[in-house]
Amino acid sequence: MKKYVYLFDETKASDETVILLGNKGAQLAEMTSIGLPVPPGFTITTEACNEFYKNDKNWPGNLKEQVQEQLAKVEKKMGKKFGDSENPLLFSVRSGSYVSMPGMMDTVLNLGLNDQTVKGLAKQSGNERGAYDSYRRFLQMFGDVVLGVEHSKFEGALSTLKETRGVEFDTDLSADDLKELIETYKEIIKKETGDFPNSPEEQLELSINAVFESWNTDRAVSYRRINSLRSDAGTGVNVQVMVFGNFGNDCGTGVGFTRNPATGKKEHYGEYLINAQGEDVVAGLRTPQPIDTLKKVMPEAYEELVKIYDKLEKHYKDMQDFEFTIEKEKLYMLQTRKGKRTAPAALKIAVDMFNEGLIDKKTAVMRIDPNSLNQLLHKRLDTIAKEKMIEEGALLAKGLPASPGAAVGTVVFTAEKAVELAEKGDKVVLVRMETSPEDIEGMHVAQGILTARGGMTSHAAVVARGMGTCCVAGCADISVNEEEGFFKAGGITIKEGEYITLDGSTGEVMKGQIPTVEPDISGDFGKLMSWADEFRKLSVKTNADTPKDAQKAKDFGAEGIGLCRTEHMFFEGDRIKAVREMILAKTEEGRHKALAKLEPYQQEDFEGLFRVMDGLPVIIRLLDPPLHEFLPKEAEDIEALSKEMEISVQEIKDLIEDLHEFNPMLGFRGCRLGVQYPEINAMQTRAILKAAIKVKGEGKNPMPWIEIPLVGHVKEVELIKGIIEKEAEMLGAKGKIKYKIGTMIEVPRAAITADEIADKVEFMSFGTNDLTQMGCGFSRDDSGKFLKKYVEYGIYEKDPFQSIDQEGIGKLMKICIEHSRKKNPKIHIGICGEHGGEPESVKFCHKSGLNEVSCSPFRVPIARLAAAQAAIEDKK
């Protein structure tokens, strides 16, 4: 008989239990096992959730009996009865998957209340107001989460009552006020869905179903897609005895972090509210107090909390994010999890914990999510420009610095508008009264997030930090009118579409656009990257076509250039004229004449790259794209070219028509251009080798590796290699310059016949974009229309253009590597394209035995870290 339900005290956290129970359930069990004050309860497994979906949303096997059995054990432990009118036991029902998904799935608190049990709770607690406050909260949450009644209907009734009574906060309402509100809530529920279920057993069953169903809500699906999480994991359901933070001024609730999640500083970071329940803190409806002020309010609870900070870190050896409730000055721990943190905080915490002796270097390197380094590799506000604009009156308001970084963009007030404008390429800042889980798509595309309400642990703050997005939260200086599309700060009105700038490190909100400055690798970042380099085996190069990009990549630790796309250089200035002249030439002599104009430009380009990459390999790909890409498309541009070249408009149109291809990605491009027009490859080879000879004369050590693109047959390699060798001999480059000749592996035929190619070249580089396109049969320009669904349905775990399809394209790569190394054991094999900077793809490259990966400059540190982690995992 499969076990679906576990008491908190019958298991502990492990990799297996995190998958089986979800992280929240596993950590509740772990905290219980180390003696922390955790209210008892039980967890329903993620397997039960998956079975629920397989069984057409029906409970599996004997789940109901197991729930009843474990519930009875909790009743015995607490000396209370679920549903009893005299001494009622109440529960919270909360979700929890293998990875924390803050706010994305559903929770029900105060479960078990009805018109009878609320009287028992009032009598038992001696707090009538607290009992009825819990009841109205339950009706509101259950009505929204389980019965599907719009949250706004309850909020509207609450706001009306507060207005009528002339009070600002919920806590100002009396027990009689709350009784009246409860009747209003019951009427709302009756009108919308029918009578409210009074049976606690029915309430529990419906709430468990609601948590299961929240696994596949739009917001949860979006969150998993955005964060590349498993869609088949399911959620656990945690049924835990309620403790009450809303029973008076000797009660409270809060959220804490064992270190500052924005900066990494070791301090008592967190917030709490007196006389409140958990959702009040994260919802941001009331402004919470800093955790250290609890020392004056409830000193004993504070001292115990401080000890728990220390105990959690020493036990988990990582920064923890925890929730707590204080009932009648007694502290209870409701959950702990690995705290989400910004990349700067993650680096500081990892380095500090190593220095404190809590973890070793390997653990420190493994602690950092490679993708999170994106936060450190992008711009921050120019300090001088910012100060000048503030002096000129740009400062609008100041809120809480919830997630560091800089954001410059036009103001939008809805997630939908943010997505719409971002898809057009606009940069936006999402401004909300407070964010909710439904805003996840808009938060994902926004440059920054500004909220009027909420604290450092609000939904906006937690999600923004996890995404690495700049966020200013709880900005009480602004009043937001989302419906009419403006916000006010002092006497200034900012309308939708106007620019603002956020400084997430200070909480400042400024009018207009403030310039930003480039990042650099130093301090904790530099230290951790040096540790990563101690472990990694893969070399990391960059894709760069200009000295500026090459220098940036080198500053980020690139060990050479793994892909220089020579065609990018053709579009600058007068070069495009010479390229078009070459394409329009009707004779070989005419082509030579045009190429002679291009050659000095190309040589100059390569000289710049060789100077920057002194002593490091520079892989230069010969011309790859189809020729039609260099010709104009608009009528006025064609007419201008006609006058410039003294060729009729019709001749140009005829040539464009002649070069048109139904599928240009499979057409006349790559090495096929060199086969048809060998003079193109000859010119590029001369430019490369002349540049190398000149730079060597300056005392530097150029290392050109010449790469033949889009090879499908060994005879193509032999032909183009012959052109390269001939030019090298004529220039006297052999023996003088350390050049190599290699090929791209993009065509499946080349991967399959790699043994024929391997002894003709010194290196190979997988062009995985084209290899994926041809291997999967997807057009990379059009597949975005349907690949999202493929990922959603689990056909592919991830978009194969973003992360290597290891089961398909990966097998092609392994065949190529194995056959090539058998034929030529010394052959150097790498990968270029953006897959080279995607962590899972980098790890696959390590396992497959590649020598190097190459990626864009800003992904070089990400690839370095991912390569180190792959090497560490390999030794486990």
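For the structure, see preceding data.
Residues numbered from 1 in each chain as written. Predicted model: local features only at pLDDT ≥ 70, side-chain atom pairs only at ≥ 80, totals over all residues. Heavy atoms only, no water.

So what's going on with the overall build of the protein chain? Residues and values would help.
Counting its secondary structure elements, the protein chain contains 34 helices and 33 strands. For the protein chain, the C-alpha radius of gyration of 32 Å lies close to 29 Å, the compact-globule estimate for 876 residues. With the C-alpha coordinates of the protein chain rotated into their principal frame, the extents come out at 100 × 65 × 50 Å. By sequence separation, contacts in the protein chain at least 24 residues apart represent 70% of the contacts at least 6 residues apart. (Helix = DSSP H or I, 4+ residues; strand = E, 2+ residues; numbered from the N terminus. Rg over C-alpha atoms; globule rule 2.2 N^0.38 Å. Contact = heavy atoms within 4.5 Å.)

Quick rundown of the sheet that holds strand β26 (residues 539-543)? Include the residues and the values.
Read once around its circumference, the closed barrel built from 8 strands follows the order β26-β27-β28-β29-β30-β31-β32-β33, with strand pairing classed as parallel. The mean inter-strand angle of the sheet, taken between neighbouring strand axes irrespective of direction, is 25°. Sheet topology note: the strand β27 (residues 561-565)/strand β28 (residues 617-621) ladder contains 3 bridges and is parallel. In the sheet register, Ile561 faces β28, and the bridge partner there is Val618. (Pairing = 2+ DSSP bridges. Axes fitted to C-alpha atoms, helices over the stretch in contact; angles between N-to-C directions.)

Describe in detail empty space enclosed by the protein, supporting the description with residues and values.
Taken as a whole and assessed by the stated rule, the structure comprises 3 cavities of 30 Å³ or more. What the largest cavity holds in volume is close to 50 Å³. Taken together, Arg129, Asp133, Arg136, Arg137, Asp170, Thr171, Asn246, Asn275, Asp280 and Arg286 form the lining of the largest cavity. Broken down by class, the residue content of the lining of the largest cavity amounts to no nonpolar, 3 polar and 7 charged. (1 Å grid on protein atoms, 1.4 Å probe; cavity = no way out; pocket = protein on both sides within 12 Å on 5 of 7 lines; lining within 4 Å. Points joined across faces, edges and corners; volume = space filled by probe spheres on them. Nonpolar A, V, L, I, M, F, W, Y, C, P; charged D, E, K, R; others polar.)

Give a description of the environment of Ile652 that names residues and reports values.
Inspection of the secondary structure puts Ile652 in helix α24 (residues 649-659). Taking relative accessible area as the criterion, Ile652 reaches 0% and is therefore assigned buried. Sequence separation of Ile652 and Leu584 is 68 residues, and the distance between their C-alpha atoms is 7.6 Å. (Buried < 20%, exposed > 50% of the residue type's maximum accessible area, 1.4 Å probe, protein only.)

With reference to specific residues and values, describe the pattern of salt bridges.
Side-chain pairing between opposite charges can occur once the charged atoms of the two side chains come close. This structure, assessed with the given rule, holds 66 salt bridges. One salt bridge in this structure joins Lys2 and Glu47, with 3.9 Å as the shortest N-O distance. Of this pair, Lys2 sits in the segment before β1 (5-7) while Glu47 sits in helix α2 (residues 46-54), and the two are 45 residues apart along the sequence. For Glu47, a relative accessible area of 32% puts it in the partly exposed group. The salt bridge partner of Arg230 is Asp232, with a shortest N-O separation of 2.9 Å. Given the relative accessible area of 48%, Asp232 is considered partly exposed. (Salt bridge = Lys/Arg side-chain N within 4 Å of Asp/Glu carboxyl O.)

An account of the side chain of Arg669 is needed here, citing residue identities and associated values.
Along the chain, Arg669 turns up in the loop between α24 and α25 (671-676). Accessibility expressed as a relative area gives 2% for Arg669, which makes it buried. Here Asp624 takes part through its side chain, which lies 2.9 Å from a polar atom of the side chain of Arg669. Leaving out residues up to four positions away in the same chain, Arg669 has contacts with Asp624, Pro625, Pro626, Pro664, Leu710, Glu746 and Asp770. (Polar contact = N/O pair within 3.5 Å; in protein donor to acceptor, adjacent residues only side chain to side chain.)

If you had to explain the packing of aromatic side chains to someone new, which residues and values would you point to?
One pair of aromatic rings is described through two measures. These are the centre distance and the angle between the planes. For the structure on display, the rule yields 20 aromatic pairs. Their ring planes at 80° and their centres at 5.7 Å tell us that Phe257 and Tyr269 sit as a pair that is edge-to-face. Taken together, the residues Phe257 in strand β8 (residues 252-257) and Tyr269 in strand β9 (residues 269-274) connect sequence positions 12 residues apart. Judged by its relative accessible area of 8%, Tyr269 falls in the buried class. Members of the aromatic cluster, each reached through a chain of ring pairs, are Phe778, Phe786, Tyr790 and Tyr796. The residue whose ring lies beneath Lys179 is Tyr132, and the NZ or CZ to ring-centre distance is 5.0 Å. (Phe/Tyr/Trp six-rings, centres within 6.5 Å; stacked < 30°, edge-to-face > 60°. Lys NZ or Arg CZ within 6 Å of the ring centre and 35° of its normal.)

An account of the environment of Asp524 is requested, with residue identities and associated values reported.
Among the secondary structure elements, Asp524 is positioned in helix α19 (residues 523-535). Taking the C-alpha atoms as reference points, Asp524 and Ala29, separated by 495 residues in sequence, lie 34 Å from one another. Once residues lying within four places of it in the same chain are set aside, the contact partners of Asp524 are Leu347, Lys348 and Val351.

I'd like a description of the pairing of strand β16 (residues 406-412), backed by residues and values.
Counting buried positions along β16 gives 6 out of 7 residues, so the element sits mostly inside the fold. By the bridge criterion, 5 bridges tie β16 to strand β23 (residues 499-503) in an arrangement that is antiparallel. Considered in β23, the bridge of Val408 is made with Thr501. Sheet topology places β16 next to strand β17 (residues 428-432); 3 bridges connect them, and they run parallel. In the sheet register, Thr410 faces β17, and the bridge partner there is Val428. Where the polypeptide runs from β16 across helix α16 (residues 415-423) and back to β17, its parallel neighbour, the crossover connection is right-handed. (Right-handed = clockwise from strand over helix to strand, strands pointing away.)

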